[in-house]
Every structure is written in C-alpha cells, then in structure tokens.
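Geometric and topological summary
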Amino acid sequence: MYIAVKGGEQAILNSWRLLAEKRRGDARHAELSLAQIREQLGLAVDRVMVEGSLYDPELAALAIKQAQGDLIEAVFLLRAYRTTLPRLGVSLPIDTGTMRLERRISAIYKDVPGGQVLGATYDYTQRLLDFQLAVANAGPPTAAQESVQSMPPAPRVTDIMGGEGLLAPETPTPGDPVPRDLTREPMEFPADRALRLQNLARGDEGFLLALGYSSQRGYGNTHPFAGEIRQGMVIVEVEPEELGFPVEIGEIEITECQMVNQFAGSASMLPQFTRGYGLTFGACERKAMAMALVDRSLRAEELGETVTAPAQMQEFVLYHSDNVEASGFVQHLKLPHYVDFQSELELVRKLRARHAAHATVSLSPSAGAEAA
Amino acid sequence: MDESPLLEVQELGYSYGTRAACAGITFDLYPGEVLAVVGESGSGKTTLLRCISGQLRPDEGRVLFQTRAGEIADVWAVSEASRRLLTRTDWGFVHQNPRDGLRTDVSAGANIGERLMAIGARRYGNIRQEATAWMYKVELDAARIDDSPQAFSGGMQQRLQISRNLVSQPRLAFMDEPTAGLDVSVQARLLDLLRGLTSDLGLSAVIVTHDLAVARLLAHRTLVMQAGRMVEAGLTDQVLDDPQHAYTQLLVSSALPA
Amino acid sequence: MAATETVEGYNFAYLDEHTKRMIRRAILKAIAIPGYQVPFGSREMPLPYGWGTGGIQVTAAVIGPDDVLKVIDQGSDDTTNAVNIRRFFARTTGVKTTERTLEATIIQTRHRIPETPLRDGQILVYQVPIPEMLRWLEPREAETRKMHALSEYGAMHVKLYEDIARHGYIAATYDYPVIVNERYLMRPSPIPKFDNPKMHMNPALQLFGAGREKRIYAVPPYTAVRSLDFEDHPFETQHWDHACELCGAADSFLDEVIMDDRGTRMFVCSDSEYCLSRREKQQPAVA
C-alpha cells in the first residue's frame, strides 16, 4: 500500500549493516590489514592518493578497504575527509631535478646524463598470469642486482634540451602570482595553466587516458614524444614565516612526465618544441603520461592552434575530468524523480491524446482542410 | 547620395602575429549601397569582414557605424553590450555555410522568429505571422514553417538564413560568400533574390566573394584585395570592365572564360 | 522528532567556520542580486555530488543551534535521500528536526515546494543539479555568463516558441524558466511548474545551492518571480481531474501510485506532510 514508502530510516540502517557484512566477506578468511593494502596494493593506493588529492598512504589504504576496492569510491572517501583538514601551511615548490630516482627513462635520446633507469615496471613483463603468486607464502622475491636506492640525482632531460633553445622554456607567469586553489575556489574560464594542471592532477585516470589517446588518433594531434618520465622520492619543505628559512618535513614519492611536442611555430614564436606536463603522487605513470598529453592539447589556444578536438576544449575537459563529481551526478539518477516523471507522464498523455484526435480527424476526408 | 556614410572603415589592419592579414583598409559605405570585396582565397577579405562586423577586434584602425538614431558608434570602442545589440538588430550576417548561421535543431519559423524574440516580441501569433511573411519574401513555402531546416536543400537553407537575418530589418548586412557551395542554377536564383531584397529594402551590404559574377550582379561598388591590401576600388562596372591594377586585370581575365 | 546521537570530531554542521563564512558571503551576494548565480568554493562533502551537496552546504552555512530543520525529497519527508540528509544534520548539529512545514525554520528540499504556504522568517533551501537555464542552448559557461550579463534571453523564447509550434502549448513541465525581479533568468531547480507560482512574492527566503556546479543563487522574500511565456500563450500550471484519494485535497500536486500489476492507479498528494495534516484535521481520532 501507499505506506510502503515509509520506513526510509530503517531501510538505510539495514543497508549499512548489509554493507558491512559484504565488505567483510567470508569470515573464514583473514581480514585485510591496512599494511597489506599499503604494501601489496601500492598502485591502487597511489591512484587513490593522487585523485583524492591527499598524500597519505595509510588513509588511502583505509579508504580502499572501506570501499571494498572500488577506487572511485575510495577517492570520494578520501576527498570528503580531506575537506575537514585544517590548512596549516603551504609547502615550497618541490624540485624534481633533485629527485632520488627509482625510475627514469627518456624516449628521445639513446643515452642521457644520469642514464636510463628501468626501475620496477610492468613494461617488459610478458603478461603471463603467474601462478606462483596464487600460492600463499611464496617467500620473498630475489633482490634486484643493482640497488636503485642509491641513484644520484640526474638533470632533467628537458633542462638539457632547453639549453639549445629548441624547447620552449616554462617560466612562471609574470609576478609569479599564487596559483588559485581549486579545492577552495570554483573553476573559472578561461582557466590558466596552473589551474588546468591542478584539475588534471585530480582528474580521473580513465578519462585522461581516453582523451590523451584520442589526441594520438588524430583528434587534435600534438605529435608527442616522451621526453622524460621520472619516478622517485622528492623532499618536501616548508618555510614557516617565523623562521624565515626552509625546513624539510619529509619525502614523498612522485611521478613526473614531460612530453615534448612538435610545434610548427607561429607569427610570434619560432618553430620549436613545446611541452606537456604530467605529475602525480606515487607511481602512476600511465596517468602522468595521459595528463601530459592532455595538458599539451589544452594549450592549443595559447599557442595559436585551432581548437577542434575534445581534448583541446577547456570547458569540456576540465568540467568532466573529476570522477567524484561525475560519479555522483551519474548515480544521482537513482534518487527518486517521481515528481518530474509525473509531470512528464501528464505531458506525454496529453500529447498522445492530441495525436490520436488529430489522426481521427485527418482520416475523415471532409474535415481534412480544417485539420491542417 | 548626399547623406553621410552608414559605415566608415578607416585604416583598418589585422595581423596574425607578424603576418598582416589586412592592412590600411579604408572605405565608406552609403545607405542603400552594396559593396563587393573580391580577391582570391587568402587575400584577407574574410578577416576584413570579421573585423568590420564586430567579430574580430582589429589591431589598427576604426570602424564607425551610423545608428538608427543618427549617432556615430565606434564599433570597437563601444561596450560589448552595445556591439552585441548592433549585431542582432541593425546588422545581419550571412555565413557561407547556412548551418553556421541557423539553429538546425528548431523549426524554420523559430529560426526566423529568434531575432524578434531577442528584441522583446512576446506575442506568438505575431511572431508566426512575421515568419510566414518572410518565408514568402525569400520564396520559401510557408507551409513548411514548422519543418526543421535540416529537411531543406542547401539553397533553401541559405534563403532561410537570409530571412532570419533580415526579419529585424537591419540596415546593413554582411555576407561571406553567400552563394558559394550552391549549384549554378540555385546560385542564379539566390543572386536574383538578393538583388531584389537589397533594392526593395534599401539595404546596405558588404559582400565578400571570390566570384566576380556575384560582384557584377549585386554590387554598386567593388573593392579588390590582394595580400591584405586594397589594390583597387571603384564602381563595379568600371573596376571589372576597365581594371587599372595588374592584379585586377589578371583576376578579370582569368574569370572571363568561365 | 528525537535528535539522533551527534558525531564527535566534526565542527557544528560539519563545515569549519571559515568555510561557512565564505558560503554566507556568497549567499549575501546572491540575495543582493536576485537570480544571479554566484560562484562559490564548493567543498567536497561526505555525500555524493548530485545528491544535494549544494543544498547541504547552504543549510550548513545558515543553520544555528536553535533552528528546526525539515528535509523533503519529492515532497516527502520519508524518502531515503531526505532521511539521509536529515540524519546528517541531526548527527552533525543536534538540532531539532521536524516534518511539520509550519514548525520548521529551515526547509531543505529537492524537487518540490511544500503546499502549506511559507511565512516570514523561514528559509527554503533548494538542491540544484544544474543551475544554468541556458545550458541546453549554449554549452559554454563563458558565453552563458555573458548572455546573463547582457540579458540576452531571446534564445530562451525560441525554445518556448518551438514547443507551441510543435505541440500547441509550452511543453516544459518542470524546471520551467523564470525571470527573477524582472532581471535575471533563473532555473528553479527541477520543481514541477505547478510550484512556480509559489515562488512569486513568497514571504520566505529562497536559497539555491548547486554543489557540483559551485553556484549559489537566491530569491529574497517578496520578490517577483515570473514564469516565461507569450502574451497569447500564457503560463499555466498542471491540474488534475481527480483529488487526492487520501485527504481529498484538490489543490495539491498529485503523485500517481501504481497499486497492482493490472495498472490500477491511485492519486495522492506528493507533499506527504500536507496530506497527513489534512487527514488529521478531518479525523482527529487518527492522530
């Protein structure tokens, strides 16, 4: 009966209980610890940290556990928590040139000062399911020959290139203004590059991957080369006002990708290479590369290129990149819409009645003229 | 014509970086006058049209327009609000591709009525009447007032675009290659219509075209552009029958055989 | 209604005071320019975007310990989303909640305006999915803001014209465009057009929050709200051939409830509290 719509409160409470049960799964198996998630599902943790805009492997692991491995839900949880955190200060810009490298490759030079460092990558695994891993307690893997921990910092490939003037320099906006903070202020168009990069860094990996890919297939081709991808640890420093000098507060792992793109030159710029930039927390190489592609595509307008493809359209890309926004709005269709639907029902009935009447009239030949 | 000019273009210039798309363009357009801007592709004629029609801010020079009230508006010095108001009341713009100038997702009637509604028309019946009248004027079947422009042929779409612009009784129309892309027979009919409309309505127009036949049929005066510069200007018959500049001579001679 | 146990570790109404001040500034600006969409630094909330994050932030910014809160979705206090949001505020503020329209000082709503007329001092907070009325005509934000700035609303009438040409009348049934204070075109959120007249000269303050789109707008008390139309095709609201089958009301928005698999239907008030209070008055014994 009509009363059936009552009892929403009880239904919600029951749903919470069911969810907790589902999350735990079969209780005969050991419960996941956060340390296990952090250590063994590290790439998931990294993705949740970068899209959640919060560097905290422990909390990201908690979010993944709470979300049953649904990474977009985990990002949402982390973001909602992040909102409540007090803002104690702002770090100094990190210097990726001083990175303690774990991986560093360049696709544009055979060798570069500091060398190519393959690091831990799936690139050259043969993607054969490894049934050894199906066996629990397989023991620790054999140690790598060369310890990558002690790699000295190496100059960025793009800095080496820049010396020849072949690569457009990246310089701060005149006056070096404090960038707007997307988590505190709404997006504004046209969005400057600092704002765009913030948005892309938080953006959904799948969305950026598809857009970057579309640009490669000809929807706004940017002729990219992977100038350099580096991943490793960088120092984070803050400079408290009362001290007046920077203090190291820790180290974070990041991945940086600099794409080098052909540029035919314009009236105001000589032909030279331009850059697309990608930066993520942790080891999110695919995301960093996709981000760099999309960043370069979004520079179309400032470089005087014609904007024709989705990846070049600021509003299209920046308004749709955020998976927390997208996921919420797509899923809000589950909410009741019966008031709107009722209005539409009435309308469709009315329209159908009119059509039916119309059809009857035009069937009678004498009334044909009036019907028109 | 002893009146003051409707449109004055003074030393207009626009550059894409260091390459000047047009430079030093100066001319006057009087009420009721049709001016053709001819030149080959890349000569800067479309850039010029965009600069004088309020779409592209020129780097140099001025564009002055005499409003209905008799005041002189400096097109690029007035507020954006006034400029946008001009573009949807006193001016019309006919695109080469009718789809650029039409709303293809609403009916022909809505297309024609839009400008009326934009300036405050609030009686549905009147808007419809006016749209019907305009369909007659541009020789469209008024029974198709509720059809989508997508169901129209290219020539019909172009006539629809013209009526959609003229419904607000603009005093100046800008046209960018209005007949290009149409079959020859359709072109002839459209040119005929345009000639009739401009003379009946006393409409002034600036028509950009690469087709000298269009200039000859429609324009009182013709301005020849080459590499962003005006190389010759004058009465159309004079310019086309007795070209003085070498480039115009070349243009005329190459156009003749066709 | 009994307050649910409040949660520890969060500020009153979840948001920190700094954020609330920022939102209140946006609200004040919105009230000063009726119908104008004020961009604001919408925060990430613990509820999903599209589920009322804008309305929740507005409510969180204006609610105080003495307020009495009512939350409705589709006119009803008892739909899961309404329950969830009411619980959220009960847990983060401890304020008294109610289902009575007359008792509430703040009413947060999705898709309806209560049938019981609002009074001075009440605040109606709307959850807004997409604040931009011109969005379907013009997808670029930079352009729509310009259209608002210059009152270029002709294209909106094109849509209405097209409806009449096609159907004989304006076919929009909800989210029906209005002009506020004879200046700004405003999207009333997806309320049925039945509710549009209630916005006009309403004694209550009407606030609109769009969280995902990061916009706040407002209709101050006693402000003119006019639904767009043509002189010869005036705005009309829906009406039903039946009255509510539970309370007999002939003046309320009715929901159609399917009773069985043979298509038997019943029409009842969408505003469940209005319906219930009418039934209580008719049969005091039931209460």
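Residues numbered from 1 in each chain as written. Chains lettered and ligands numbered in written order. Predicted model: local features only at pLDDT ≥ 70, side-chain atom pairs only at ≥ 80, totals over all residues.

Tallying secondary structure elements over chain A gives 13 helices and four strands in all. For 372 residues, the compact-globule formula gives about 21 Å, and the C-alpha radius of gyration of chain A, at 27 Å, lies well above that figure. Along the three orthogonal principal directions, the C-alpha set of chain A runs to about 90 × 70 × 55 Å. Across chain A, every contact between residues at least 6 apart in sequence was considered, and the portion connecting residues at least 24 apart equals 64%. (Helix = DSSP H or I, 4+ residues; strand = E, 2+ residues; numbered from the N terminus. Rg over C-alpha atoms; globule rule 2.2 N^0.38 Å. Contact = placed C-beta atoms within 7 Å.)

Let us now look at the interface of chain B and chain C. Opposite the 17 residues of chain B that make contact, chain C presents 15 residues. Here the element with the most residues in the side of chain B that touches chain C is helix 4 (residues 108-118) of chain B; it accounts for six residues. Per-class residue counts for the side of chain B that touches chain C are seven nonpolar, four polar and six charged. (Nonpolar A, V, L, I, M, F, W, Y, C, P; charged D, E, K, R; others polar.)

Time to look at the sheet that holds strand 7 (residues 172-176) of chain B. Residues and elements named next belong to chain B. Here six strands make up an open sheet; going across it, the order is 6-7-8-3-9-10 and the pairing mixed. Looking along the sheet, the strands with just one partner apiece sit at the ends: strand 6 (91-94) and strand 10 (229-235). Across the sheet, the mean angle separating the axes of adjacent strands is 15 degrees when strand polarity is ignored. Pairing between strand 3 (residues 34-38) and strand 8 (residues 204-209): five bridges, direction parallel. Of the residues in strand 8, the one forming a bridge with V38 is T209. (Pairing = 2+ DSSP bridges. Axes fitted to C-alpha atoms, helices over the stretch in contact; angles between N-to-C directions.)

We now examine the domain arrangement of chain B. Residues and elements named next belong to chain B. Split into domains, chain B comes out as domain 1 (28-62 + 74-90 + 171-258) and domain 2 (102-169). Placing a centre on the C-alpha atoms of domain 1 and another on those of domain 2 gives a separation of 24 Å. Of the residues lining the interface, eleven residues belong to domain 1; the matching set on domain 2 comes to twelve residues. Ranked by the residues each element gives to the side of domain 1 that touches domain 2, the list is headed by helix 7 (residues 184-201), at five residues. (Domains from an automatic or database assignment.)

Accessible area lost during the coming together of the parts is what is often quoted as the interface size. Listed as interface residues are 38 residues of chain A and, on the opposing side, 43 residues of chain C. Among the elements of the structure, helix 1 (8-24), helix 5 (71-83), helix 11 (323-331) and helix 12 (338-363) of chain A are those that each provide at least two residues to the side of chain A that touches chain C. Among the elements that line the side of chain A that touches chain C, the one with the most residues is helix 12 of chain A, at eleven residues. Tallied by class, residues from the side of chain A that touches chain C come to 17 nonpolar, nine polar and twelve charged.

Residues V37 and I207 of chain B together with I27 of chain C are the most contacted members of the largest nonpolar core, which totals 143 residues. Each of domain 1 (28-62 + 74-90 + 171-258) and domain 2 (102-169) of chain B accounts for three or more of the residues forming this core. (Core = buried A, V, L, I, M, F, W, Y, C linked by C-beta atoms within 7 Å. Buried ≥ 20, exposed ≤ 12 C-beta atoms within 10 Å, placed from the backbone.)

Bringing the sheet that holds strand 1 (residues 100-105) of chain A into the picture now. All names here are of chain A. Strands sit in the order 1-2-3-4 across an open sheet of four strands; the sheet is antiparallel. The strands lining the two open edges of the sheet, one partner per strand, are strand 1 and strand 4 (274-281). Across this sheet, the average inter-strand angle for adjacent strands is 20 degrees, counted without regard to direction. In this sheet, strand 3 (residues 247-261) lies alongside strand 2 (residues 224-238) in antiparallel orientation, the contact comprising 14 bridges. Note that in strand 3 the partner of A226 across the bridge is M259.

What follows concerns the pairing of strand 7 of chain B. All names here are of chain B. Buried residues dominate strand 7, accounting for five of its five residues. The alternating pattern of strand 7 places L172, F174 and D176 on one face and A173 and M175 on the opposite face, and all of these are buried. Strand direction decides the pairing type here: strand 6 and strand 7, joined by four bridges, are parallel. By the bridge assignment for strand 7, V94 is matched with M175. In this sheet, strand 8 lies alongside strand 7 in parallel orientation, the contact comprising five bridges. Pairing of L172 across the sheet is with S204, part of strand 8. Note that the unit made of strand 7, helix 7 and strand 8 has a crossover that is right-handed. (Right-handed = clockwise from strand over helix to strand, strands pointing away.)

Residue and element names in this part refer to chain C. Relative orientation of the contacting elements helix 1 (residues 17-32) and helix 2 (residues 53-62) amounts to 100 degrees, with a least axis distance of 9 Å. Here helix 1 lies roughly perpendicular to helix 2, going by the angle between them. Counted together, K20, I23, R24 and I27 of helix 1 and Q57, V58, A60 and A61 of helix 2 form the full contact between these two elements. Along the lines of polarity and charge, the residues of the contact of helix 1 with helix 2 split into five nonpolar, one polar and two charged. (Parallel < 35°, antiparallel > 145°, perpendicular 65-115°, else oblique.)

Now for the confidence of the model for chain B. Residues and elements named next belong to chain B. Residue-level pLDDT values for chain B average 91, and 98% of them are 70 or greater. The weakest mean pLDDT in chain B belongs to helix 10 (residues 246-255) at 85; the strongest belongs to helix 5 (residues 124-137) at 96. The ipTM, which scores confidence in the relative placement of chains, is 0.87 for this predicted complex, and the corresponding pTM is 0.82. (pLDDT = per-residue confidence, 0-100.)

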